[in-house]
Amino acid sequence: MPAHRTAKNRQAALQRVARPGHVRNAPSARRAESLTEQAYRVIEEQIVTLRLKPGDVLSEQFLCVSTKFGRTPIREALQRLSREGLITILPRKGVLVSDINPRNQLLLLEVRRELERLLSRTGAERATPEQRTALQEIARGMDQAAKHNNDIAFMRLDRELNALVIAAAHNDYAARSMKLLQSLSRRFWYMHYREAADLPLCARLHANQARAIAKGDADAAKRASDKLMDLWKALPAQPCWCEP
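Peer 1: Mind showing me how you'd approach the overall build of the chain here?
Peer 2: Scanning the chain for helices and strands turns up 11 helices and 4 strands. Put simply, the chain has 244 residues, and 53% of those count as buried. In the chain, once contacts between residues fewer than 6 apart in sequence are set aside, the share between residues at least 24 apart is 77%. Approximately 11800 Å² of the chain is accessible, and the part contributed by carbon and sulfur atoms is 51%.

Encoded structure:
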């Protein structure tokens, strides 16, 4: 565990990026978000993209100032981030951004592989017409992220794709399980992708998965999911595996 660090010296920088704009060509199916959902999305992205680093100790007041959200949505967002393992709440002290553990990522991958297969296959079978249109839009966005090697666009589209695949499967039990895994693997991928992962390849594989689900091809969707998981497995000697 790295030494605890305060994040106050990054407050100005965080204020500039606290509320990221929509990615161009983001799905038209996105619904209006509550303040809590917006606060969660902003803080989750800051943690996943390492603007808030493992070991940082943060206060609610700092997060309210840096993100311009009120105390209630911030507190509710932190509760969700705690359930997902991205932070630890320290009573009367603030919150600690969790460390990154490679061994735990391998354990996470064992579970995620099976859930990804299930969600991809059932999503292809059960997605609504609106969801299929949104999946095609995400696939086009992933193509652009691959073309321009745009990591932030990729991360935002990846989050949207994850949520849409979960919704398209219409399985609340699988959804609850997957939601606990996604942010941890997204952060691990972002931390190491410049060293060991191929962002354009990752984006293209995500696009393939989105298109297969959109087309209703359950077998192709499952194969696309497996290729994402296999990309992790193919790099055992490297410090990371491509985020699925």
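Let's pick the thread back up.
Peer 1: Could you clarify how one ought to interpret the pattern of salt bridges in this entry?
Peer 2: Any two side chains of opposite charge can pair, on the condition that their charged atoms come close. Scanning all chains against the criterion turns up 15 salt bridges. Of the charged contacts, one joins Glu60 and Arg71 as a salt bridge, the two residues approaching to 3.1 Å between their closest N and O atoms. Of this pair, Glu60 sits in helix α3 (residues 60-67) while Arg71 sits in helix α4 (residues 71-83); the two residues are 11 residues apart in sequence, bridging distant segments of the chain. Overall, the relative accessible area of 23% leaves Glu60 in the partly exposed class. The class for Arg71 is partly exposed, based on a relative accessible area of 41%. We note a salt bridge from Arg80 to Glu84, for which the minimum N-O separation is 3.2 Å. On the basis of relative accessible area, Arg80 is assigned to the partly exposed category, the value being 31%. Its relative accessible area of 5% is what places Glu84 among the buried residues. Each of Glu44, Glu45, Arg51, Arg156, Asp158, Arg159 and Arg186 takes part in one network of salt bridges that share partners.

Peer 1: Is there a simple way to explain the packing of aromatic side chains in this structure?
Peer 2: Aromatic rings considered in pairs are described by the distance between their centres and by the relative angle of their planes. In total, this model carries 0 aromatic pairs according to the counting rule given. Taking the ring centre of Tyr40 as reference, the NZ or CZ of Arg80 above it sits at 3.6 Å.

Peer 1: Whenever I open this one, the pairing of strand β3 (residues 87-90) confuses me. Can you help?
Peer 2: Remember that side chains alternate between the two faces of the sheet whenever the strand is regular. Looking at chain direction, β3 and strand β4 (residues 94-97) are connected through 4 bridges and run antiparallel. Residue pairing across strands places Ile89 opposite Val95, the latter belonging to β4.

Peer 1: Can you walk me through the nonpolar core in this structure?
Peer 2: The tendency in soluble globular proteins is for nonpolar side chains to be buried as a group. Grouped together as the largest cluster of nonpolar side chains are 44 residues, with contacts concentrated most on Leu119, Leu135, Met142, Phe154 and Trp189. Breaking this core down by element, the ones donating at least two residues are α5 (102-126), α6 (129-148), α7 (151-169), α8 (172-179), α9 (182-196), α10 (199-215) and α11 (218-233). Membership of the second largest hydrophobic core comes to 19 residues, among which are Ala39, Leu58, Phe62 and Phe69.

Peer 1: Can you walk me through α8 in this structure?
Peer 2: Within an α-helix, residues lying three or four positions from one another point in the same direction, as the helix has 3.6 residues per turn. Considered for burial, the residues of α8 that qualify are Ala174, Ala175 and Met178. One side of α8 holds all its buried residues, which, seen down the axis, span an arc of 105 degrees. Turned more than 90 degrees off the buried face of α8, the exposed positions are Asp172, Tyr173 and Arg176. The distance from a side-chain oxygen at the start of α8 to the backbone nitrogen of Tyr173 is 3.1 Å, and the residue carrying that oxygen is Asn171.

Thresholds, definitions, all that
- Residues numbered from 1 in each chain as written.
- Predicted model: local features only at pLDDT ≥ 70, side-chain atom pairs only at ≥ 80, totals over all residues.
- Heavy atoms only, no water.
- Helix = DSSP H or I, 4+ residues; strand = E, 2+ residues; numbered from the N terminus.
- Buried < 20%, exposed > 50% of the residue type's maximum accessible area, 1.4 Å probe, protein only.
- Contact = heavy atoms within 4.5 Å.
- Areas by Shrake-Rupley, 256 points an atom, 1.4 Å probe, with all protein chains shown as cover.
- Salt bridge = Lys/Arg side-chain N within 4 Å of Asp/Glu carboxyl O.
- Phe/Tyr/Trp six-rings, centres within 6.5 Å; stacked < 30°, edge-to-face > 60°.
- Lys NZ or Arg CZ within 6 Å of the ring centre and 35° of its normal.
- Pairing = 2+ DSSP bridges.
- Core = buried A, V, L, I, M, F, W, Y, C linked by side-chain atoms within 4.5 Å.
- Arc of directions from axis to C-beta.
- Polar contact = N/O pair within 3.5 Å; in protein donor to acceptor, adjacent residues only side chain to side chain.

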